[in-house]
Amino acid sequence: MTTEPQAPWANVWTDDAVVHLVPIEDIVWHEFSDSCVCGPDSEPHRPQAAGPDVSYVIHHALDGRP
Ligand SMILES: [Zn+2]
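To keep things clear, this report deals only with the structure shown in the data block. Computed from a prediction, not measured in an experiment: that's the story for all the values here.

**Points about the side chain of Asp26**
Here's step 1: Relative to the assigned elements, Asp26 resides in the loop between β2 (18-23) and β3 (41-45).
Here's step 2: Discounting residues that sit within four places of it in the chain, Asp26 has contacts with His60, Ala61, Leu62, Asp63 and Arg65.

So this is what it looks like as structure tokens:
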């Protein structure tokens, strides 16, 4: 039996232009919006030169994890 390390973050797509990076198993529920309780940071991200502009909304874990 192997134990895979659990990723502390989950990528959650909400639509074509926004990716929410939300900590999984956090002590609070995260809204997938800029007005989430954790005060997420939003930053533009361009994965490919010819690709669409994508915004990352980076949520903060509120359980004190690094
Ligand atoms: Zn959040």
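**Section: the coordination of the zinc ion**
Around a metal, the perfect tetrahedron of four donors has angles of 109.5 degrees, and the perfect octahedron of six donors has angles of 90 or 180 degrees.
Here's step 1: The zinc ion binds to the protein through His30 (ND1), Cys36 (SG), Cys38 (SG) and His59 (ND1), with metal-donor distances spanning 2.0 to 2.3 Å.
Here's step 2: Between consecutive donors of the zinc ion, the numbers of intervening residues give the motif H-x5-C-x1-C-x20-H. No difference in accessibility class separates His30 from Cys38, as the two residues are buried.

**Focus on the packing of aromatic side chains**
Here's step 1: All told, the structure shown has 1 aromatic pair when counted by the stated rule.
Here's step 2: Aromatic side chains Trp29 and Phe32 sit 6.1 Å apart centroid to centroid with 50° between the ring planes, which places their arrangement in the tilted category.
Here's step 3: Exposure remark for Trp29: the relative accessible area of 68% places this residue in the exposed category.

**Brief notes about unusual backbone geometry**
Here's step 1: Its identity is not glycine, yet Glu25 carries a phi of approximately 55°, on the positive side.
Here's step 2: Residue class for Glu25 comes out exposed when judged on its relative accessible area of 64%.

**Some details on the pairing of β2**
Here's step 1: β2 sits mainly inside the fold: 6 of its 6 residues count as buried.
Here's step 2: Here β2 shows a buried face lined by Val18, His20 and Val22 and a second buried face lined by Val19, Leu21 and Pro23.
Here's step 3: Here β2 pairs with strand β4 (residues 54-58) via 4 bridges, running parallel. By the bridge assignment for β4, Val18 is matched with Ser55.

The rules behind each value
- Residues numbered from 1 in each chain as written.
- Predicted model: local features only at pLDDT ≥ 70, side-chain atom pairs only at ≥ 80, totals over all residues.
- Heavy atoms only, no water.
- Helix = DSSP H or I, 4+ residues; strand = E, 2+ residues; numbered from the N terminus.
- Contact = heavy atoms within 4.5 Å.
- Donors = N, O, S within 2.8 Å, 3.2 Å for Na, K, Ca; no water.
- Buried < 20%, exposed > 50% of the residue type's maximum accessible area, 1.4 Å probe, protein only.
- Phe/Tyr/Trp six-rings, centres within 6.5 Å; stacked < 30°, edge-to-face > 60°.
- Pairing = 2+ DSSP bridges.

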